[in-house]
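Take a look at the letters that make up each chain.
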Amino acid sequence: MMWYSKPLRDNCVAGVLFYIPIGLGIMTLAASLLFLFAYLMSDDNATRLPAFNWFKRLIIVAFILLSVGLFMTFGHFWG
């Protein structure tokens, strides 16, 4: 029985590309938590509203990036 394996170059590039959304999602999640902290610690409404708006935006982007990254990773290894 002959085993088939992809060239090493294809596996390396594909593996890196599938992990990029996960890394960006984790960094975006950390940034959103910084804005949540700014929202919770601020006493001024001029600071609270923009901080909460950025928190909402970044948490949605982080969720999308992590979902896409995990979907691509699971599809690559088990698809």
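Below, the structure is looked at part by part.

### Thoughts on the side chain of Ser42
As for its placement among the helices and strands, Ser42 is situated in the loop between helix H1 (8-41) and helix H2 (45-78). Here Ser42 falls in the buried class, since its relative accessible area comes to 12%. From its side chain, Ser42 meets the backbone oxygen of Asp44 in a polar contact 3.2 Å long. Contact partners of Ser42, with chain neighbours within four places excluded, come to Thr47 and Arg48.

### Digging into the packing of aromatic side chains
The final tally for this structure, using the stated rule, is three aromatic pairs. Both rings, one in Tyr39 and one in Phe52, keep their centres 4.9 Å apart while their planes meet at 40°; by these two values the pair is tilted. In this pair, Tyr39 sits in helix H1 while Phe52 sits in helix H2, placing the two residues 13 residues apart along the sequence. An aromatic cluster is built from Tyr39, Phe52 and Phe55, whose rings are joined through pairwise contacts. Over the ring of Tyr39 we find Arg48; its NZ or CZ atom is 4.3 Å from the centre of that ring. One cation-aromatic arrangement involves Arg57 over Trp54; the distance from NZ or CZ to the ring centre is 4.8 Å.

What counts and what doesn't
- Residues numbered from 1 in each chain as written.
- Predicted model: local features only at pLDDT ≥ 70, side-chain atom pairs only at ≥ 80, totals over all residues.
- Heavy atoms only, no water.
- Helix = DSSP H or I, 4+ residues; strand = E, 2+ residues; numbered from the N terminus.
- Buried < 20%, exposed > 50% of the residue type's maximum accessible area, 1.4 Å probe, protein only.
- Polar contact = N/O pair within 3.5 Å; in protein donor to acceptor, adjacent residues only side chain to side chain.
- Contact = heavy atoms within 4.5 Å.
- Phe/Tyr/Trp six-rings, centres within 6.5 Å; stacked < 30°, edge-to-face > 60°.
- Lys NZ or Arg CZ within 6 Å of the ring centre and 35° of its normal.

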